[in-house]
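# Coordinate analysis (summary)
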Amino acid sequence: MKQKKFTHIELGSADYKEVWDLQAKTHLEKQNGRTDDILYTVEHNHVYTLGKSGSRDHILLSEEEMTAKGISYYEIDRGGDITYHGPGQLVVYPIIDLNNYYKDTHRYLRDLEEVVIRTLAELGITGTRDEEFTGVWVGEEKICAIGIKVSRWITMHGIALNVNTELEYFDKIIPCGIFHKGVTSIKKELNKEADMNEVKKLILKNFETVFGLSSRQ
């Protein structure tokens, strides 16, 4: 069987809305068969995003306070609740056609978790799943949030892995609407700054392995 291909596009540091619009444009192109499967990687400027099943009450700042701190806010079309994106966090947006893999959103979420778990293992960190909550955990602390949208079996949104993330930004929200668990990062677990490029390479390698893909750079 011919191996499926994906194209990796590195976006550097970018505003959330700009990349959300890019995802929507790519999703439409994908519906019309005009593009490969795409993996966007990016670090966002400070932003809180609220998913369709979330509550505005889980943000502990007013709009004025967010503006004063330079934090953007968007209510978006993925599943899940409130989360934070910002510098030092690796965000990966796969725009892939699940018609070519499997029509199973739960399996897709578990596969995204698997990519992260394998990546953490290579860095010496034990990442686990939680039976109740989507994402990847180290003990009782979340290290990676996952939220997706699937339309016509084409995916949007994706994973947010805390690499060198400033974790204090999570203090002003109830992350993913979960009251009783904490948040961690690769930097916190290793007690040293992590190499973002190394983490990115491992994520891409493990995405290829888990999804049976090869990359066009």
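These remarks concern the structure in this document. (Residues numbered from 1 in each chain as written. Predicted model: local features only at pLDDT ≥ 70, side-chain atom pairs only at ≥ 80, totals over all residues. Heavy atoms only, no water.)

### With respect to the nonpolar core
Membership of the largest hydrophobic core comes to 36 residues, with the highest contact counts inside it found for Leu 161, Ile 186, Ile 203 and Phe 211. Broken down by secondary-structure element, the contributors of at least two residues to this core are β6 (89-95), α3 (105-122), β7 (136-138), β8 (141-151), β9 (154-162) and α5 (196-211). Sequence-distant contacts of Phe 211, defined by excluding residues within four places in its chain, comprise Lys 4, Ile 96, Tyr 101, Tyr 102, Tyr 108, Asp 111, Leu 112 and Val 115. Listed in part, the 15 residues of the second largest apolar core include Trp 20, Val 42, Val 91 and Ala 160. (Core = buried A, V, L, I, M, F, W, Y, C linked by side-chain atoms within 4.5 Å. Buried < 20%, exposed > 50% of the residue type's maximum accessible area, 1.4 Å probe, protein only. Helix = DSSP H or I, 4+ residues; strand = E, 2+ residues; numbered from the N terminus. Contact = heavy atoms within 4.5 Å.)

### Thoughts on the pattern of salt bridges
Summed over all chains, the structure comprises 13 salt bridges. Close ionic contact of Lys 200 with Glu 10 constitutes a salt bridge, the shortest N to O distance being 2.9 Å. With Lys 200 in helix α5 and Glu 10 in strand β1 (residues 4-14), this residue pair connects regions lying 190 residues apart in the sequence. Take Glu 10: its relative accessible area is 37%, and that puts it in the partly exposed class. Its salt-bridge partner being Arg 110, residue Glu 113 comes within 2.8 Å of it at the nearest N-O pair. Placement of both Glu 113 and Arg 110 in helix α3 is noted, with a separation of 3 residues, approximately one turn of the helix. For Glu 113, a relative accessible area of 1% translates into the label buried. Here the residues in one salt-bridge network are Arg 110, Glu 113, Glu 114, Arg 118 and Arg 129, joined through shared partners. (Salt bridge = Lys/Arg side-chain N within 4 Å of Asp/Glu carboxyl O.)

### Points about α5
In this model, α5 (16 residues) spans 22 Å end to end at C-alpha, consistent with the 22 Å of a helix rising 1.5 Å per residue. Along α5, the residues classified as buried are Met 196, Val 199, Lys 200, Leu 202, Ile 203, Leu 204, Asn 206, Phe 207 and Phe 211. With a side-chain oxygen lying 3.0 Å from the backbone nitrogen of Asn 197, the N-terminal cap of α5 falls on Asp 195. Remark: Gly 212 follows α5 within two positions and exhibits a positive phi of approximately 65°. (Expected span 1.5 Å × (residues − 1). Polar contact = N/O pair within 3.5 Å; in protein donor to acceptor, adjacent residues only side chain to side chain.)

### Points about the packing of aromatic side chains
By the definition in use, this model includes 11 aromatic pairs. Consider the rings of Tyr 84 and Tyr 169, whose centres lie 5.0 Å apart with planes at 5°: the pair is stacked. Taken together, the positions of Tyr 84 in strand β5 (residues 82-85) and Tyr 169 in the loop between β9 and β10 (182-183) put the pair 85 residues apart, joining distant regions of the chain. Taken as a pair, Tyr 84 and Tyr 169 share a single burial class, namely buried. Chaining the aromatic ring pairs together yields one cluster made of Phe 6, Tyr 101, Tyr 108, Phe 207 and Phe 211. (Phe/Tyr/Trp six-rings, centres within 6.5 Å; stacked < 30°, edge-to-face > 60°.)

### Quick notes on the side chain of Thr 26
When you line up the elements, Thr 26 lands in helix α1 (residues 16-31). Since its relative accessible area comes to 3%, Thr 26 is described here as buried. Polar side-chain contacts of Thr 26 include one of 2.6 Å to the side chain of Tyr 40.

From the geometry alone we can't say anything about function, so treat these as descriptive.
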